[in-house]
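# Architecture at a glance
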Amino acid sequence: MLKFKPQFDLQRDVVCDILRKEASVCRVKEYSGAVETRILNIERDGGILYSWKGATGTTRIGKYDSNTKQNKPLYTFDKQVCVSSCSLNKEETLLAVSLAQNTRGEERLKPISKCLTLLIEIHPINNTKVLKAVDCRVKVQFLHSETDRRSVLESHLLLLTEDGYVDLYHVHLTRQEGYRVVMSNPERLSKTAERIVEDFCWVQWDGHTQRVYYLTHNVTHTQDKFLMRCVQFYPNHNCEIVLELPLELPGNLFRTVKFVNLGFDHYHVKKPEQDLFRMEVFTNTIGSMCVCYSQPVKDKQELMYTVVLVQKDCSKTFRVSLGSEQSSQNATQLHPLFIPIGYHMLVYLQDCFLHCINTRQHEMLCHSLFLSGSDVDLGLQFQSANITVLHAEKESSGSLLDLSSGRIHTAELSPAFLLQILRSDSPSRCPSSKTDPQRLAALHCLLVYMGNDPNLELKVIEWLSDNMNALESFDQIQEFILASLYRISYEKSLSLDKVLPYSSLLDKKEIPTCLLEVPGVLCTTELHTEPVFKGKARSLQGFWSELQWNTERTKYLDAVPNPRYRTTHVQADWDKMRSERRPSSHMNHMEENTKKVLSMVDTWCLDKKLVPLFQEEDHQQRALIGLTVDKLRDHLNRHLPRLGKKRIDSLVVNYVAKLLELIRHMLESVWLKYKLGPRVLCLTQQGSPGEWSVFHFMFRILEATRGLCLPLPPGYHTLLAVFAVRCLPHHTFLQYIDHGFLQLTETFVSRLMTDLDNSDANERLKFSILKRLPEPMEQRIYHMWDHPVSSASISRDYVRTLLEKHNKNKGFAFTGRDKPGFRPEFLPLTYLAKILSDIEEQALNPFEEQENVDARFVEETALKQTLILLGFEEK
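Quick look at the structure, then. (Residues numbered from 1 in each chain as written. Predicted model: local features only at pLDDT ≥ 70, side-chain atom pairs only at ≥ 80, totals over all residues. Heavy atoms only, no water.)

## Here's the deal with the side chain of Thr-317
The residue Thr-317 is located in strand β23 (residues 314-321) in this model. Ignoring anything within four residues of it in the chain, the contact list for Thr-317 reads Met-304, Tyr-305, Thr-306, Leu-522, Cys-523 and Thr-524. (Helix = DSSP H or I, 4+ residues; strand = E, 2+ residues; numbered from the N terminus. Contact = heavy atoms within 4.5 Å.)

## Regarding the pairing of strand β13 (residues 180-183)
On any regular strand, side chains alternate: one points to one face of the sheet, the next to the other face. Judged by which residues are buried, β13 turns out to be covered on both faces: Arg-180 and Val-182 on one side and Val-181 and Met-183 on the other are all buried. Adjacent in sequence and paired antiparallel, strand β12 (residues 165-176) and β13 are bridged by 3 residues, among which Glu-177 carries a positive phi angle near 60°. (Buried < 20%, exposed > 50% of the residue type's maximum accessible area, 1.4 Å probe, protein only. Pairing = 2+ DSSP bridges.)

## A closer look at the nonpolar core
In this structure, Met-1, Leu-413, Tyr-716, Phe-733 and Phe-748 are the most contacted members of the largest nonpolar core, which totals 137 residues. Here this core takes 15 residues from helix α12 (residues 645-673), the largest share from any one element. When residues no more than four places from it in sequence are discounted, the contact partners of Leu-413 are Met-1, Leu-2, Lys-3, Ile-341, His-344, Leu-346, Cys-356, Cys-445, Tyr-449 and Met-450. One finds Cys-201, Tyr-213, Met-228 and Tyr-234 within the second-largest nonpolar core, a separate group that totals 28 residues. (Core = buried A, V, L, I, M, F, W, Y, C linked by side-chain atoms within 4.5 Å.)

## Section: the packing of helix α11 (residues 619-639) against α12
If you want to describe how two helices pack, look at the angle between their axes and the distance between the axes. For the pair α11 and α12, interaxial distance at closest approach is 9 Å and the crossing angle is 140°. Relative to α12, α11 is oriented oblique. The chirality of how α11 crosses α12 is right-handed. Every residue of α12 that contacts α11 at Ile-625, Thr-628, Val-629, Leu-632, Arg-633, Leu-636 and Asn-637 is listed here: Lys-645, Ile-648, Asp-649, Val-652, Tyr-655, Val-656 and Leu-660. Along the lines of polarity and charge, the residues of the contact of α11 with α12 split into 9 nonpolar, 2 polar and 3 charged. (Axes fitted to C-alpha atoms, helices over the stretch in contact; angles between N-to-C directions. Parallel < 35°, antiparallel > 145°, perpendicular 65-115°, else oblique. Left-handed = near helix turned anticlockwise from the far one by under 90°. Nonpolar A, V, L, I, M, F, W, Y, C, P; charged D, E, K, R; others polar.)

## Considerations on the pairing of strand β6 (residues 82-88)
By the criterion of burial, β6 is predominantly enclosed, with 7 of the 7 residues buried. For β6 and strand β7 (residues 94-100), the ladder comprises 6 bridges, and the chain directions are antiparallel. If you follow Ser-85 over to β7, its bridge partner there is Ser-98. Hairpin connection of β6 to β7: 5 residues between the antiparallel strands, including Glu-92 at a positive phi of 60°.

## A word on the sheet that holds strand β19 (residues 258-260)
Pairing is mixed across the open sheet formed by 6 strands, whose spatial order is β19-β15-β16-β17-β18-β32. Among the strands making up the open sheet, the edge pair consists of β19 and β32 (532-533). The pairing of strand β17 (residues 225-233) with strand β18 (residues 239-248) spans 9 bridges and is classified as antiparallel. Note that in β18 the partner of Met-228 across the bridge is Leu-245.

## Here we look at unusual backbone geometry
Cis geometry is adopted by the peptide bond preceding Pro-124, which originates at His-123 and carries an omega value of -5°. Structurally, Pro-124 can be placed in the loop between β8 (115-122) and β9 (125-134). Within the chain, Asp-351 stands out as a residue other than glycine whose phi angle is a positive 70°. Inspection of the secondary structure assignment puts Asp-351 in the loop between β25 (344-349) and β26 (353-358).

## Here's the deal with the sheet that holds strand β30 (residues 407-413)
The strand order across the open sheet built from 4 strands is β1-β30-β29-β28, with neighbouring strands paired in antiparallel fashion. Both edges of this open sheet fall to β1 (2-9) and β28 (387-390), since each of them pairs with a single strand only. Each strand of the sheet is rotated relative to its neighbour by a mean of 30°, with strand direction disregarded.

## Some remarks on helix α5 (residues 454-466)
Note that an α-helix has 3.6 residues per turn; residues three or four places apart therefore point the same way. With 13 residues, α5 extends 18 Å between its outermost C-alpha atoms, agreeing within 8% with the 18 Å of an ideal straight helix rising 1.5 Å per residue. Along α5, the residues that are buried comprise Leu-456, Glu-457, Val-460, Ile-461, Trp-463, Leu-464 and Ser-465. (Expected span 1.5 Å × (residues − 1).)

## Some details on the packing of aromatic side chains
Taken as a whole and judged by the stated rule, the model has 19 aromatic pairs. When the centroid spacing of 5.7 Å and the interplanar angle of 20° are considered together, the rings of Phe-353 and Phe-370 count as stacked. Of this pair, Phe-353 sits in strand β26 while Phe-370 sits in strand β27 (residues 369-372), and the two are 17 residues apart along the sequence. What makes Phe-353 buried here is its relative accessible area of 1%. Of the residues examined, Phe-370 reaches a relative accessible area of 11% and is grouped as buried. When the centroid spacing of 5.8 Å and the interplanar angle of 75° are considered together, the rings of Tyr-736 and Phe-741 count as edge-to-face. Taken together, Tyr-305, Phe-318, Phe-353 and Phe-370 form an aromatic cluster joined through their ring pairs. Stacked on the ring of Phe-543, the Lys or Arg Arg-211 has its end atom at 4.2 Å from the ring centre. Of note, Arg-642 hangs over the ring of Trp-549, and the distance from its end group to the ring centre comes to 4.0 Å. (Phe/Tyr/Trp six-rings, centres within 6.5 Å; stacked < 30°, edge-to-face > 60°. Lys NZ or Arg CZ within 6 Å of the ring centre and 35° of its normal.)

So, in structure tokens, the structure goes:
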């Protein structure tokens, strides 16, 4: 599921260098003593602080620079001490440490206290200032600003204590002798301390964003109500509370204060049974925030964890059944790891399960991948109880630190594993229907999250073409089209998240049960997380403005009906447009939409002429393209007016153009796969097995787009008909036409008439096709077929035109007195009869005013005169 890349190895990158330095100190060729090296902290710039016991028995602190791959000694104590917390300022002039009191009597630090916090000048090594000497743990952390130019003369230090408060120290510096950096007024340092947080039971530091999250009891509610607050530090080192989020948690979870992302204390290790609660906050620069926490159920037969999606204004709580056997094996480690990778949140419990939660498409369980049993093996060589998840600056991958070995790995989702799920008949050794949710989740992860990789997209298309039939519970081609378009559009504007479709399941009236449930997993969703934005967060640009905008937009869209665009909404208008003659102004408007889309496609495809699409007029598809643009534009204007009409028009045109381009890309991929050339357009040859596969793939694309009422590239129906006539028997080909599966285009029929000879079988096919054509097209096709029947038809049309022109000049008008179904074979005689009939109607009836007229005599006389005029009898 994950692929790991080594990023740091304490033994390789640090210990080997330390051994060389210790050998130099001892003046030996190779130092053979033991070096106890421990990672203490990882700063914002990626620098890794560590301590080790030197050859002289003293404790030393150094830094590994992840950019230069070099080690730098920072400070050496005059004795062996226990460093429980450590931080280095950005300029590397000050070092803050918290020392845990050693319990061995002779080595106790004086005055006796559980924790001694020091601030040390190290540029060069000079004064040491005692900040605190208390009987509780103290964490130290320097602020690291990216834009403050005065930071070389000023540093700011956080002290976070187990007593539940946070102090901010403002340390003013000065230069001496041109290179020495010292504290300007160390005796006044305690007076600069500013109390910024009080009474917390859980606290987390985020170094990349310079934020402190902490949890406190909400005194305005009952005791089982908690309030999570976020303190944002600004470049000028001012800070304020910018967010409050109420959380419902059991009140007995916090026996001691919990520190998260505040270094690594090797002298205070909790027993597993004391760790009742795990909570972490993860943010993304695009404006998303996830609050994840877990707690074991009392009987240890199931695990419960919650993911609060602040930007989605909802929280999702999952209960996963562990089973008695797994529960007994993992009784000492009942908290999963939360590993953020992009917008996926991985929840991992070793040897039990792995849940890859899709926080962007969270509405249905089937879009999040859940694995259990043998599929959970991540290939880790260490126990997850020793793993710490680091908050990496690169959001597309997570970082895992194994404290026992001192190794850091970056973790990314493995496309090879996801492709294996698609191709495997039984990834979890279950019946095929139970693997459909896994395939669907893997497909969306590949397309939406990893879709920017063209090679990966080709592999997905290859999988689509190799699977001749749709899966039982969903159409994989429909999912491919909608998920790919969703990714492309979402990259253009994050606001499209909740208004564009990403799955065909959203249009289904009844969703298969296997996609609604995951065996062993129970999910409950609660809406309205009620975050409160405070202070400058309401007016800041960047993350806070995006998070606030996303939250407010989600609340609005949740309150309105059908905020997500459904492609099937076009169907009613499309049926009406085909059955009615629309006003010319409306059709002209549709045509203008189509021209914008096709002009954009032409720009993209100047060098891509492999598949013969976009090379003919297809009035039906052009009308559907224009209608799709119109409906989608109206939908976005209604729900996202903030984007502006010009931006929305550009997004919509790009969306439909990408749809047509995506279908062309799918065909081009299978075209290259089967090595098809121009010969496939020749109608006189029978199709090869490769062409039959392409025809079947094209037919599945046609079914998928019809089901979603999506347009196809102009020329698609012509190309499909060419493959059909090459691959299918003639009678089957005609049945496909009669059932509406194939559409006869004028381009295809004209080529059929000219390319095929007039053998008996081909003549029968041509006559059968002519009978199925509308009359205007039939008349045009006759001019292209060199055959006596077509010559006779052309002659009749020519005589008809001449006689109609003659009648118009003479002032006669046809009255349509022909009997229904009467089709004359000799047009000149027919038209003569029509002329005589019209003259007879227009002439005065001499017998009109008379009575007692012998009608039989009049009819016989008129017939006799007609026969004489026509030359059949003489007077």
